[in-house]
Amino acid sequence: MTAITDFVSYEARGTVGVITVDSPPVNALSQGVRAGIQGGIKAAVADDSVNAIVLACAGRTFIAGADITEFGKPPQEPGLNDVIATMESSTKPVVAAIHGTALGGGLETALGCHYRVAVPSAKVGLPEVKLGILPGAGGTQRLPRVVGVQKALEMITSGNPIGAKEAHKVGLVDQVVEGDLTEGAIAFAKKVAAEGRPLVKISEQNDKLAEAKKNPAIFDDFRKKNARKFRGFEAPENCIKAIEGAVNLPFPEGLKRERELFMELMVGEQAKAQQYFFFSERLANKIPDVPKDTPLIDINTAGIVGAGTMGGGIAMNFLQAGIPVTIVETSQEALDKGIGIIKSNYAATVSKGRLSQEAMDKYMSLLTGSTNLEDLKDVDIVIEAIFENMDVKKEVFGKLDKICKQGAILATNTSTLDVDEIGEATSRPEYVIGLHFFSPANVMRLLEEVRTKKTSPTVMATCMALAKKIGKVPAMVGVCDGFVGNRMLAKRGEQASQLILEGAKLEDVDRVLYDFGFPMGPFAMSDLAGNDVGWRIRQGRGVTSPVADAICELGRFGQKTGDGYYHYEKGSRTPQPDPIVEEIIVKAARDAGINRREVSDEEILKRCIYPMINEAAKILEEGIATRASDIDVIWVYGYGWPIYRGGPMRYADHIGLENIYNDMLKFKAEHGDEWTPAPLLEKLVKEGKGFKDL
Ligand code: 3H9
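Rules of the game
Residues numbered from 1 in each chain as written. Predicted model: local features only at pLDDT ≥ 70, side-chain atom pairs only at ≥ 80, totals over all residues. Heavy atoms only, no water. Helix = DSSP H or I, 4+ residues; strand = E, 2+ residues; numbered from the N terminus. Rg over C-alpha atoms; globule rule 2.2 N^0.38 Å. Buried < 20%, exposed > 50% of the residue type's maximum accessible area, 1.4 Å probe, protein only. Contact = heavy atoms within 4.5 Å. UniProt positions renumbered as here; feature names shortened; annotations may be inferred. Pairing = 2+ DSSP bridges. Axes fitted to C-alpha atoms, helices over the stretch in contact; angles between N-to-C directions. Patch = residues over 30% accessible without salt bridge, like charges linked within 9 Å, V, L, I, M, F, W, Y side chains within 5 Å. Areas by Shrake-Rupley, 256 points an atom, 1.4 Å probe, with all protein chains shown as cover. Salt bridge = Lys/Arg side-chain N within 4 Å of Asp/Glu carboxyl O. Lys, Arg positive; Asp, Glu negative; His and termini not counted. Charge placed at Lys NZ, Arg CZ, Asp CG, Glu CD. Near = heavy atom within 4 Å. Polar contact = N/O pair within 3.5 Å; in protein donor to acceptor, adjacent residues only side chain to side chain. Phe/Tyr/Trp six-rings, centres within 6.5 Å; stacked < 30°, edge-to-face > 60°. Lys NZ or Arg CZ within 6 Å of the ring centre and 35° of its normal.

Observations regarding the overall build of the protein
So, step 1. On a plain count of helices and strands, the protein comes out with 30 helices and 18 strands.
So, step 2. Taking 694 residues into account, the globule formula puts the C-alpha radius of gyration at 26 Å, and the protein, at 28 Å, falls close to it.
So, step 3. For the protein, the C-alpha atoms occupy an extent of roughly 90 × 60 × 55 Å along the three principal directions.
So, step 4. Within the span of the protein, comprising 694 residues, buried residues form 53% of the whole.
So, step 5. In the protein, of all internal contacts separated by at least 6 residues, the share reaching a separation of at least 24 is 72%.

Below is the structure:
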């Protein structure tokens, strides 16, 4: 075996030259990998003992893409396009052997090969759009030439990979290899050479473009159909334009067009924010005082207390991960209802064609219902998801402590209560943790994990790993009222309520936040979640909110009652401004002695967002969140903060902390002490730093 570079080796195996990339963890295309592949091809072409070439990868995956850590640094030769051109023009057939994930530049490399084989579990895709960019090494030009324009549009603008079976069906993979991949790829390469099959250069294949050439409307139709999904994002439009280039321009020109559109995105703030977010999400997995090699508890079974909306949603995550669940309710009626809802949720997904009946049956077979807490005695983890009442929760935890086996994790899904206090209701507080799922729990990606003063490293490490297993993105936080997400949200809510009293229209507050990139504004969101939820919490805490209370007193609980902050026509989810609500607001303002005025969009935005950033600074100071970037992960995955703005902390750095600080002082002069900048914010401004520097 010859080392071409530190990361790539070459070996002749019989008549086939095998180039192997070995650059953990994911064989990303760093300079050493690019140079190695190019050198490997040249070595194989020059090697008279071989007449075909296989490109394979060691470790857990085929090339997972460009090396994102190199982005923003001066480019180093050879560029990926040059490497791919060397492969495509090889005089001996090159076969890519794919396992794991061939993503981004990894798939582009494979598309530069003459043939591709893959194991059944492999996935291939062009996820660049998720990093705010587009495939920049010919992906937008070659993929449509293989799978057709419509499929390429879908794959490139969604960034979602497809499995080997589908890739084979659409012609992206030539053969699915069962058994040893490298052996299979070598056998395939030998066959190609022996049969004298053509060296397929995808760049020269134009047949699949013909349909789009005849029907250029395909692009605008696609834009229209996906307008909602692409709202606010810059990258999808450039992806579409690049694919248009593939159809309308000769290949070399198309490649240039792709490069222009790629560079346009690469220097933009969205790409920087999305790439920052990629690493933030992975960093959130790491807890500084929990070593990487902390032993984990095996989680093979789960128990859930409470079969309401949250309990049912949480159960679905476990079932889909193949973990059997026992769900407990106090009465048979409530249990039947809860299980019925899980079943009908799955049935709805089956009827939409997004889940097979077989998968649904498998999930349901993993679910056991019970009205007896004793049935949780053998499970590895219990998640309590009953209503928010400390006394009741403590009673349940006291019982679980007696029932559950030693070593079982006892978790609470509370969104407001003190998890330390809940832990103290047991004899094993080190096994107690908060696992705050977001509604709908089977859909929302965030899992806010709440450590108490006593939660053990093993329990924390296990719950972080468990999150990944059940498809969630975790962030570890400490105990405080509302934890990280809801504590910041409350600040936004206070300002939104105040703004409408001062004269802003509630639909304008919603519009400004929607235009910022949230899926909906605070009032539309409250109508969706149910206004009675907050009302009950306020009643429990003995606090009032004049407009929100008045609305609830009229039974306007939101979409479910047809009226809330807005009016909803029967069967419609479209909010319509309602003069009754305007009257309520005007009266409440009069009662509070507020002179109403015009409020600008700029003021609405700053007053809703800046208090959240200020609260986050306090959260960081108190050590409730470990890192600023963890807060960003929480807001993107839990509250729909637009990922192209990176999260509130990244946004604050982008706006400039000094600008925020100065605006806060202005608002303080007008509205009082609640606008006092947090000491950490003040300190960072004085030091000329940002949250990124913490
Ligand atoms: C691109 O290709 C542009 C091209 O068009 C060319 C233009 C010219 N680079 O996610 P994990 C690290 S854009 C550098 O926990 P998993 C990651 O940070 C790229 N590092 O593992 C982590 O480090 P650490 C298109 C990378 O098994 C470690 O690897 N490609 C890269 O859950 C493990 O990652 C993509 O967008 C990278 N490309 O998932 C694919 N990828 O251990 C991005 C990963 O220090 N990657 N790392 O925290 C992924 O989607 C997942 O990592 C993957 C593995 C599915 C591959």
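Focus: unusual backbone geometry
So, step 1. The step from P24 to P25 runs through a cis peptide bond, and the omega angle for that step is 0°.
So, step 2. Structurally, P25 can be placed in the loop between strand 3 (16-21) and helix 1 (31-46).
So, step 3. Backbone torsion omega between S439 and P440 reads -5°, so that peptide bond is classified as cis.
So, step 4. With respect to the element layout, P440 can be found in the loop between strand 16 (432-437) and strand 17 (446-450).
So, step 5. The residue N27 is not glycine, and still its phi comes out positive at about 55°.

Quick notes on the UniProt feature "domain: 3-hydroxyacyl-CoA dehydrogenase C-terminal" (unreviewed entry) in the protein
So, step 1. Under the local residue numbering, the UniProt record ascribes the feature "domain: 3-hydroxyacyl-CoA dehydrogenase C-terminal" (unreviewed entry) to residues 482-568 and 604-689.
So, step 2. Here residues 482-568 runs as 64% helix and 0% strand, with 30 Å between its end C-alpha atoms.

Examining the sheet that holds strand 15 (residues 409-412)
So, step 1. A sheet is described by the order of its strands in space; here 8 strands give the open sequence 13-12-11-14-15-16-17-18, paired in mixed fashion. Edge positions in the sheet fall to strand 13 (367-370) and strand 18 (473-477), since each has one partner strand and no second. Within this sheet the neighbouring strands show an average axis-to-axis angle of 25°, counted without direction.
So, step 2. Across 4 bridges, strand 16 lies against strand 17 in antiparallel orientation. Each residue of the ladder has a partner; that of F437, found in strand 17, is L447.
So, step 3. Sheet strands touched by helix 15 (residues 332-351): strand 12 (325-328) and strand 13. Its angle to strand 13, the strand with the most contacts, is close to 160°.
So, step 4. Packing of helix 17 (residues 390-403) onto the sheet brings it into contact with strand 11 (302-305), strand 14 (381-384), strand 15 and strand 16, and relative to strand 15 it is tilted by some 170°.

Notes on a positive patch on the surface
So, step 1. A contiguous patch of positive charge on the surface is contributed by R60, R282, K286, K292 and K468.
So, step 2. For K468, the location among the structural elements is in helix 19 (residues 457-469).
So, step 3. A relative accessible area of 64% means that K468 is categorised as exposed.

Digging into the site of the ligand
So, step 1. Around the ligand, a shell composed of 27 residues is seen, among which E108, E128, R282, K286 and K468 lie nearest.
So, step 2. Interatomic distance of 2.8 Å between a backbone N/O atom of A66 and an oxygen atom of the ligand.
So, step 3. Contacts to the ligand include K286, whose side-chain N or O atom sits 2.6 Å from an oxygen atom.
So, step 4. Contact with the protein chains covers 75% of the free accessible surface of the ligand, which is 1000 Å².
So, step 5. For the shell around the ligand, the element with the most residues is helix 13 (residues 269-283), which contributes 3 residues.

Structural notes on the environment of R428
So, step 1. Structurally, R428 is set in the loop between helix 18 (419-424) and strand 16.
So, step 2. A relative accessible area of 2% means that R428 is categorised as buried.
So, step 3. Not counting residues within four places of it along the chain, the set of residues in contact with R428 comprises L400, D401, C404, K405, Q406, G407, A408 and L410.
So, step 4. A polar side-chain atom of R428 sits 2.9 Å from a polar atom in the side chain of D401.

Quick notes on the packing of aromatic side chains
So, step 1. Enumeration over the complete set of coordinates arrives at 18 aromatic pairs.
So, step 2. Seen in terms of ring centroids, Y115 and F188 are 5.7 Å apart; in terms of plane orientation they differ by 65°. Their pairing is edge-to-face. A residue pair is termed long-range when its members are at least 10 positions apart, and Y115 in strand 7 (residues 115-118) and F188 in helix 7 (residues 181-194) qualify at 73 residues. The residues Y115 and F188 share a single accessibility class, namely buried.
So, step 3. Members of the aromatic cluster, each reached through a chain of ring pairs, are F438, F516, F518, W635, Y639, W641 and Y651.
So, step 4. The side chain of R645 reaches across the aromatic face of F516, ending 4.2 Å from its centre.
So, step 5. Stacked on the ring of Y276, the Lys or Arg R650 has its end atom at 5.6 Å from the ring centre.

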